[in-house]
Amino acid sequence: MIGVFPWAAAAAAAAVSARWNWWRPLSKGLPVLMYHKIGDAPQGSKLAKLWVSGAMFRRQMEYLRRHGYTTLLFSQMHDILQGRAPSPEKPALVTFDDGYANNYELAFPILRDLGLKGNIFLVHDTLDHHNAWHDPGREPWLRMARWEHVREMIDSGVMDFGSHTMGHPNLASLPIEQVRWQLRESKKRLEEKLGRPFHFFAYPYGAGAFVPEVRKEALEAGYLYDFSIRQGTAPWPWNPELGPIKRLFIRGDDTRFDFHLQMTRGKSRF
């Protein structure tokens, strides 16, 4: 029995080390949290990992506040990197991809109540509609935010916005002229509709972030900051030569320990 216990303990430690990245060194830089849908996943959804419950989202935001993070709007990040404002000691970005109605209905009030800031990457053609790119067999189509909701969130000073293309295609699979149109037209229309510059862009699916031709088009379209789904803490201060900005993918099945590791190690699991 004496000889068995150390082996069992070693096996347990190896399992924990494989599941959680507690052994990684502390990460430095800008944590950029990436969310999609806030709420409870539909029964049988094959995309449940993209749903974070309202209660879990509130606990995660309370974690940021309790640990001294200053959450930034895109416009505030831009001012800091342009030298017009000082950087807080512990900056962080809270981002949402796609612009679901539940971002407005659930995430927005939580951020407002806690005095925090968030940012949403909008798919232009889905505003006032339902998302049209997911396979309905994996999850029912979802309501997207309305233009009036976007304006309300802008006026509140709680949310800022970036572009996520016109229709959410995988840019890496498109002819370059269609890529150019998706990038430039979404920027143009969002700016015209909302009366503010759109410097921030996130690649749908993340695949386009690793295709040099697509990234070149994004920067030439006038975006100053491009975001990928590559996991990790972003360098701070950031510049385009460092590549697309990394993010921390917050999953619906993340535990509190997972979230702590995301914030402190830049990764919680393999």
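Remember, predicted model here, so these are calculated numbers, not experimental data.

**Q** Explain the overall build of the protein chain here, please?
**A** A count of helices and strands for the protein chain gives 8 helices and 10 strands. Against the globule reference of 18 Å for 270 residues, the protein chain gives a C-alpha radius of gyration of 19 Å, in line with a compact fold. C-alpha atoms of the protein chain, sized along the principal axes, occupy 75 × 45 × 40 Å. Surface exposure of the protein chain reaches about 12700 Å², of which carbon and sulfur atoms provide 56%. Of the side chains in the protein chain, 35 bear a positive and 28 a negative charge, and the two mean positions are spaced by 6 Å.

**Q** Quick question: what am I supposed to make of the pairing of strand S9 (residues 225-231) here?
**A** A regular strand places its side chains on the two faces of the sheet in alternate fashion. Judged from the 3 bridges that link them, strand S8 (residues 200-202) and S9 form a sheet pairing that is parallel. Residue pairing for S9: Phe 200 is matched across the bridge by Tyr 225. Of the crossover connections in this fold, the one passing from S8 over helix H7 (residues 212-220) to the parallel S9 is right-handed. Taken together, the 2 bridges between S9 and strand S10 (residues 245-249) define a ladder with parallel strand orientation.

**Q** Help me out: how do you make sense of the environment of Ser 228 in this one?
**A** Looking at the element boundaries, Ser 228 is found in strand S9. Residue Ser 228 is classed as buried on the basis of its relative accessible area of 1%. Through-space distance from the C-alpha of Ser 228 to that of Ala 209 is 5.6 Å; in sequence the pair is 19 residues apart. Excluding its chain neighbours within four sequence positions, the residues that come into contact with Ser 228 are Tyr 203, Ala 209, Phe 210, Pro 244, Ile 245, Lys 246 and Arg 247.

**Q** What am I meant to see in the side chain of His 164 here?
**A** By the element assignment, His 164 lies in the loop between strand S7 (159-163) and helix H6 (176-194). Polar side-chain contacts of His 164 include one of 2.8 Å to the backbone oxygen of Ala 202. Excluding residues that lie within four positions of it along the chain, His 164 makes contacts with Asp 97, Asp 98, Phe 121, Leu 122, Val 123, Phe 201, Ala 202, Tyr 203 and Pro 204.

**Q** What should I look at first to understand the pattern of salt bridges in this one?
**A** Between side chains of opposite charge, pairing is possible as soon as their charged atoms come close. Scanning all chains against the criterion turns up 15 salt bridges. The salt bridge involving Arg 247 is made with Asp 97; its shortest N-O contact spans 2.8 Å. Here the residue Arg 247 occupies a position in strand S10, and Asp 97 occupies one in strand S5 (residues 91-98), the gap between them amounting to 150 residues. According to the relative accessible area criterion, Arg 247 is buried, its value standing at 0%. Classification of Asp 97 as buried rests on a relative accessible area of 2%. Between Asp 226 and Arg 215 there is a salt bridge whose closest N-O contact spans 2.6 Å. With Asp 226 in strand S9 and Arg 215 in helix H7, this residue pair connects regions lying 11 residues apart in the sequence. For the pair shown, Asp 226 and Arg 215 are each scored as buried.

**Q** Just to check I follow, could you spell out the packing of helix H2 (residues 54-66) against helix H8 (residues 256-265) for this structure?
**A** Axes are the key here: two packed helices are described by the angle between their axes and the distance separating the axes. Relative to each other, H2 and H8 sit at 40 degrees, their axes nearing to 11 Å. When the axis of H2 is compared with that of H8, the two are oblique. For the element pair H2 and H8, the recorded crossing hand is right-handed. Contacts between H2 and H8 involve Arg 59, Gln 60, Tyr 63 and Leu 64 from the first element and Arg 256, Phe 259, His 260, Met 263 and Thr 264 from the second. Across the contact of H2 with H8, the residue classes tally to 4 nonpolar, 3 polar and 2 charged.

Calculation rules
Residues numbered from 1 in each chain as written. Predicted model: local features only at pLDDT ≥ 70, side-chain atom pairs only at ≥ 80, totals over all residues. Heavy atoms only, no water. Helix = DSSP H or I, 4+ residues; strand = E, 2+ residues; numbered from the N terminus. Rg over C-alpha atoms; globule rule 2.2 N^0.38 Å. Areas by Shrake-Rupley, 256 points an atom, 1.4 Å probe, with all protein chains shown as cover. Lys, Arg positive; Asp, Glu negative; His and termini not counted. Charge placed at Lys NZ, Arg CZ, Asp CG, Glu CD. Pairing = 2+ DSSP bridges. Right-handed = clockwise from strand over helix to strand, strands pointing away. Buried < 20%, exposed > 50% of the residue type's maximum accessible area, 1.4 Å probe, protein only. Contact = heavy atoms within 4.5 Å. Polar contact = N/O pair within 3.5 Å; in protein donor to acceptor, adjacent residues only side chain to side chain. Salt bridge = Lys/Arg side-chain N within 4 Å of Asp/Glu carboxyl O. Axes fitted to C-alpha atoms, helices over the stretch in contact; angles between N-to-C directions. Parallel < 35°, antiparallel > 145°, perpendicular 65-115°, else oblique. Left-handed = near helix turned anticlockwise from the far one by under 90°. Nonpolar A, V, L, I, M, F, W, Y, C, P; charged D, E, K, R; others polar.

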